[in-house]
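Observations on chain architecture
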Amino acid sequence: MGFNEGDVLRKVVVCPPEIEYFAVDDLDSHNIAALPDHKKAVSQHRGLRKAMERSGAEVAIVKELPFHPNSVFTRDTSVCTHEGYIELRMGLPTRRGEEVWMARILESMGMPSVGEIDPPGTVEGGDVILAGDVAFVGVSSRTNESGARQMREILEKLGYEVRIADVQDEHLHIGGSMSMLDTETVLHCKGKFPAGFFDGFRTISIECSDFIGANVIALGERRLIANAENRQVIDLLTDSGFEVQALDLQEFVKGNGGPTCLILPVLRG
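A short tour of the structure in this document, coming up. Everything numeric here is computed off the predicted structure, so don't read it as measured data. (Residues numbered from 1 in each chain as written. Predicted model: local features only at pLDDT ≥ 70, side-chain atom pairs only at ≥ 80, totals over all residues. Heavy atoms only, no water.)

**Let's talk about the side chain of Ser55**
When you line up the elements, Ser55 lands in the loop between helix H1 (38-54) and strand E2 (58-61). Here Ser55 is in contact with Leu219 and Arg223, once residues within four sequence places are set aside. (Helix = DSSP H or I, 4+ residues; strand = E, 2+ residues; numbered from the N terminus. Contact = heavy atoms within 4.5 Å.)

**Overview of helix H2 (residues 98-108)**
The complete set of buried residues in H2 reads Glu98, Glu99, Trp101, Met102, Ala103, Ile105 and Leu106. At its buried positions, H2 is contacted by strand E1 (9-14), strand E3 (78-80), strand E4 (85-87) and strand E15 (264-268). Where H2 terminates, the next one or two residues include Gly110, which has phi positive at roughly 90 degrees. (Buried < 20%, exposed > 50% of the residue type's maximum accessible area, 1.4 Å probe, protein only.)

**Re the pairing of E1**
Most of E1 is tucked away, with 5 of its 6 residues classed as buried. Looking at chain direction, E1 and E15 are connected through 4 bridges and run antiparallel. Its bridge partner being in E15, Val13 is matched across the sheet by Leu264. Here E1 pairs with E2 via 4 bridges, running parallel. Directly across from Val13, in E2, lies its bridge partner Ala60. Handedness of the E1-H1-E2 crossover: right-handed. (Pairing = 2+ DSSP bridges. Right-handed = clockwise from strand over helix to strand, strands pointing away.)

**Digging into the sheet that holds strand E6 (residues 128-131)**
Backbone-to-backbone hydrogen bonds pair the strands of a sheet. The strands run either parallel or antiparallel. In space, the 3 strands of this open sheet follow the order E6-E7-E8, with mixed pairing throughout. Each edge of the open sheet is held by one strand with a lone partner, namely E6 and strand E8 (161-166). Strand-to-strand twist of the sheet, defined as the mean angle between neighbouring strand axes without regard to direction, takes the value 20 degrees. Of the pairings in the sheet, the one linking strand E7 (residues 134-139) to E8 comprises 6 bridges and is parallel in character. Counted as the bridge partner of Val137 is Ile164 from E8. In the packing of helix H3 (residues 145-157) onto the sheet, contacts are made with E6, E7 and E8, and the angle to E7 comes to roughly 170 degrees. (Axes fitted to C-alpha atoms, helices over the stretch in contact; angles between N-to-C directions.)

**Structural notes on the state of the cysteines**
Throughout the structure, instances matching the rule amount to 1 disulfide. In this model, Cys189 is linked to Cys208 through a disulfide, with the two sulfur atoms separated by 1.8 Å. Judged by the torsion about the S-S bond (-80 degrees), the Cys189/Cys208 disulfide is left-handed. Linking Cys189 in strand E10 (residues 185-189) with Cys208 in the loop between strand E11 (202-206) and strand E12 (217-220), this pair joins segments that are 19 residues apart in sequence. We classify Cys189 as buried; its relative accessible area is 1%. Between Cys15, a cysteine without a disulfide, and Cys261, which holds the nearest cysteine sulfur, the sulfur-to-sulfur distance is 14 Å. Cys15 gets classed as buried once you look at its relative accessible area, which sits at 0%. Of the cysteine sulfurs around Cys261, a residue in no disulfide, the closest is that of Cys189, at 13 Å. With a relative accessible area of 11%, Cys261 lands in the buried category. (Disulfide = S-S within 2.5 Å.)

Here it is as structure tokens:
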């Protein structure tokens, strides 16, 4: 059984905001909607780390990459499997370099490389969701068709069945429109995926009104973290028997990121 985003979270890499996330000279080039409030962002990230630590996860903290305000969104920098990490190639030009930065961090943790994305391909980690024997991959404004093909080749060699969907609309990554809730259950936005895309999984569908409507962190054992503003999802998942921690992460929504964007899971299960 391969890496599953719905399994118990054991170890995660995070990058707390300190300087770079607040030192943005050009919001558009960094795809940041609005400058975050320093005090609130620091507090919100600390709350997320504590929630994961309380769940039993080891939280590895790394420093921001200089001149890269989006380096707080560690999810996009790599894809980790049980066999090792895949070095990506960022789709947003101002994020280039973050993938090499994270590769060095993961190698320092003893994780080997099992593949990399080469030009002209681009893949960001928010467009790859591993679910046991299945890998869901999104073609988006950040992950192009060349990158998706390369990712398919890498993951198929690792034993995954790769399913690719085009998500080039209001969702920045596939992770904004779907998440694993446990090892067998998918939360997804209605009308965004082709018929049969989730065959073999239980599904919970929602009407998505924003770009991170279906973005939640699975801690394992039906425990989840969701942005507190996402009341529709919180209420639905609570009614469905999940334990949901509602955390205020609005200062990172300003950076066009959701809860999962802030974490790079390196060990689950």
